[in-house]
Structure formats: C-alpha cells, structure tokens
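Summary of the model geometry
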Amino acid sequence: MEKIAASIMCADMLNVQTELERLEKTDCDLLHLDVMDGVFVDNLALGPEWMASVKKQTSLPFDIHLATEMPEKYVEMFRFLKPETISFHIEAAANPILLIHRLKNYGIKPSLALNPATPIEDILPYLAEVDQILLMTVPTGFAGQAFRKETLEKLCELKNILAQRNLHPLIEVDGNINTQTISWMKEVMPDIFVLGTSALFQGGDANSYQERIRTVRQAVNAYKSDF
Ligand SMILES: O=C(CO)[C@H](O)[C@H](O)COP(=O)(O)O
C-alpha cells in the first residue's frame, strides 16, 4: 500500500508538540524532515537537537531529506536519530556509492533526491543500490511552491527505467502534493506521498488531519484503480 509522509517543516512550529499529537492520531506512515543548510538551498531548516526532541514525542519513523552540501557530514550528524531513510542529492555527494554503503552499514535505507533541474541520468548508476528515490516536484527549499509539471515526465521515465531493469526502489514525491496533483500521476503512481502545506498543514481546522490524509488515500486508491 502507498505511504503517506507528513512534512514537519510545514507544521505550526510554535505548537510542534500539539502537531505531533494530532499526527499520531492519523494513519500517517512517516515523518518527513527536511534539513536545509543555507548553501545547497537558500533556506535553513531542522537541526539534530530539535529532531531529537521530536523523536521523544512521536512513534512515526523518520524520513530525513538532506537538502545540503556535504551530505557525508550530515549523515554523521543525524544518524543517532536512527531514521528509517536518509535522502541526499547526488550532485552534493563527494562519493555517492560510498555514502550509500555507509548508510546501509548504519541500518539506514539510502535514498537519492532528485531536484526538478537534475537530470535523471545522474542517478542511473546508483539505482540498483538504493531503497528509495525522492523525486522533488518543486525545487527543494521552500514549502508552498507550485507543482512543476515537467516532473511528471521524469516520474514516467523513472518508472520505465526501473521496470526495464527490474529494480524496485520506492518512489517518493514531494512538493505541492494534493488530490489534484496526484490525479496527474495516475498512470505512474508513486509509492510515498509527502504532504505539506498543500494537502495537510494549510489553515483551517487542525483536528481534520485524519480527514485530509484519508482524502489523499482515497484519491490514490481511486486513480490507481482507473489503471
Ligand atoms: O521539501 C519541501 C520543501 O522543499 C517540503 O517537504 C514540501 O514543499 C512540502 O509540501 P508543500 O509544497 O505542499 O508545502
């Protein structure tokens, strides 16, 4: 079954404990945590001490996205949190294969993050080595951006390549994911949907998180059954 991840950088940062309690009451599968270094992207987000406090308040597995230069350094900084997955950007890694193997040795699933501007060819040599591919559907860095429609072609191409090579890393999509943008993916359904401001944390009644997640799941199931 497809998984839902909640992107915590989009939550109400002045009420994180309450936000986590609300998420605990939903059937969300993962907590997506973006690390931004102000260099790889023009934004700063989420440090290890803060994540350690979050970990004490939630049972949701961590899905960390390193939107950073030098992911090798950040893997060392964040591995004590025992995340399920760490995604890093191929262009930022000094030696991707070494980092993939190091993550595996640490018991963390390696994932490659792909920005809309990064060609798919850049990750092809590593597809057989990773558990996940984080396909960014907006340029990494900021919540609340518009969906980049050209990433749909990339999703399609990636699915085809994986099928041709009989490889099965999970495909995670992140950036303006909601029922409308999911409808555009119906022919090439990804495996994990990261929900941020667009489908989950936008204003309104925060008690309806479960309802919003249910709506997304229903959309995924409905579009899947169309194909
Ligand atoms: O990766 C991110 C930003 O780079 C966020 O996880 C993502 O943008 C959240 O979703 P939304 O676009 O709906 O705010």
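Going along each chain's sequence as written, the residues are numbered from 1 onward. The predicted origin of the model limits local features to residues at a pLDDT of at least 70 and limits the giving and counting of side-chain atom pairs to 80 or more, whereas totals for whole chains, interfaces and linings rest on all residues. Side-chain numbers come from the whole structure's heavy atoms, not from hydrogens or water.

Looking at an unreviewed UniProt entry, the protein chain carries the name ribulose-phosphate 3-epimerase, with the source organism given as Tetragenococcus muriaticus 3MR10-3. Taken from UniProt, the Sequence similarities (unreviewed entry) comment for the protein chain reads in full: "Belongs to the ribulose-phosphate 3-epimerase family." UniProt annotates the protein chain under Catalytic activity (unreviewed entry) with the comment "D-ribulose 5-phosphate = D-xylulose 5-phosphate". UniProt positions are given in the numbering used here, feature names are shortened, and annotations may be inferred rather than shown by experiment.

With that out of the way, let us pick up the packing of aromatic side chains. Stacked, tilted and edge-to-face pairs are distinguished by plane angle, under 30 degrees for stacked and over 60 for edge-to-face with tilted covering the rest, among Phe, Tyr and Trp rings (Trp via its six-membered ring) whose centres lie within 6.5 Å. By the definition in use, this model includes two aromatic pairs. Ring geometry for Phe147 and Trp184: centres 5.5 Å apart, planes at 65°, overall edge-to-face. Pair noted here: Phe147 is in the loop between strand S7 (132–136) and helix H5 (150–165) and Trp184 is in the loop between helix H6 (179–183) and strand S9 (192–195), with a separation of 37 residues, a long-range link. Working definition: with a 1.4 Å probe on protein chains only, accessible area under 20% of the residue-type maximum means buried, over 50% means exposed, and in between means partly exposed. Under the relative-accessibility criterion, Phe147 is labelled buried at 10%. Overall, Trp184 belongs to the partly exposed group, its relative accessible area being 32%. Ring centres 5.4 Å apart and planes at 85° place the aromatic pair Phe201 and Tyr209 in the edge-to-face group. Each member of the pair Phe201 and Tyr209 is classed as buried. Comment: the charge-over-ring label is applied if NZ (Lys) or CZ (Arg) is within 6 Å of the ring centre and within 35 degrees of the ring normal. When the ring centre of Tyr106 is taken as origin, the NZ or CZ atom of Arg79, which lies over that ring, is 3.9 Å away. Here a strand is any run of E in DSSP of at least two residues, a helix any run of H or I of at least four, and the numbering for each starts at the N terminus.

Attention now moves to a negative patch on the surface. Patch membership requires more than 30% relative accessible area and the absence of a salt bridge. Residues of like charge join within 9 Å; the nonpolar side chains Val, Leu, Ile, Met, Phe, Trp and Tyr join within 5 Å. Under the convention used here, a 1.4 Å probe and the Shrake-Rupley method define accessible areas, while residue burial counts only the protein chains that appear. Any carboxyl oxygen of Asp or Glu within 4 Å of a side-chain nitrogen of Lys or Arg constitutes a salt bridge here. Neither His nor the chain ends contribute to the count of charged residues, in which Lys and Arg are positive and Asp and Glu negative. Where a charge lies is defined by one atom per residue type: Lys uses NZ, Arg uses CZ, Asp uses CG and Glu uses CD. Together, Glu69, Glu91, Glu121, Asp122, Glu153 and Glu157 make up a region of like negative charge exposed at the surface. By secondary structure assignment, the location of Glu157 is in helix H5. Assessed through its relative accessible area of 35%, Glu157 is described here as partly exposed.

Moving on: unusual backbone geometry. The residue Met70 is not glycine, and still its phi comes out positive at about 45°. The phi dihedral of Asn176 is positive, around 55°, even though this residue is not glycine. With respect to the helices and strands, Asn176 occurs in the loop between strand S8 (170–174) and H6. With a relative accessible area of 25%, Asn176 lands in the partly exposed category.

It suffices for a single heavy atom of a residue to lie within 4 Å of a molecule or strand for the residue to be listed as near it. Ser7, Gly141, Asp174, Asn176 and Thr197 are the nearest of the 17 residues found near the ligand. Asp34 places a side-chain nitrogen or oxygen 3.0 Å from an oxygen atom of the ligand. Each polar contact in these results corresponds to two N or O atoms within 3.5 Å; when the atoms are within protein, one needs to be able to donate a hydrogen and the other to accept it, and residues that are neighboring in sequence are counted only if both atoms are side-chain atoms. Asn176 is positioned such that a nitrogen or oxygen atom in its backbone is 2.8 Å from an oxygen atom of the ligand. Protein burial of the ligand: of its 370 Å² of free accessible surface, 100% is covered by the chains. The leading source of residues in the shell around the ligand is strand S2 (residues 30–37), at three residues. Of the residues contributing to the shell around the ligand, the split by class is five nonpolar, 10 polar and two charged. Put simply, Ala, Val, Leu, Ile, Met, Phe, Trp, Tyr, Cys and Pro go in the nonpolar bin, Asp, Glu, Lys and Arg in the charged bin, and everything else, Gly too, in the polar bin.

Moving on, we come to the side chain of Arg217. Mapped onto the elements, Arg217 comes out in helix H8 (residues 209–225). Within the local environment of Arg217, its side chain forms a polar contact with the side chain of Asp29, the two groups lying 2.8 Å apart.

Below, the discussion takes up the side chain of Thr140. Mapped onto the elements of the fold, Thr140 is located in the loop between S7 and H5. A polar contact of 2.6 Å, which involves the side chain of Thr140, links it to the side chain of Asn115. Contact definition: two residues touch when any of their heavy atoms are within 4.5 Å. If we ignore the near neighbours within four places in the chain, the residues touching Thr140 are Val41, His65, Ala67, His89 and Asn115.

Let us now look at the confidence of the model for the protein chain. Confidence in the prediction for the protein chain averages 96 pLDDT; 98% of positions are at 70 or higher. For this predicted complex, the interface score ipTM comes out at 0.96, while the overall pTM is 0.97. Values of pLDDT, ranging from 0 to 100, describe the predictor's confidence in every residue of the model.

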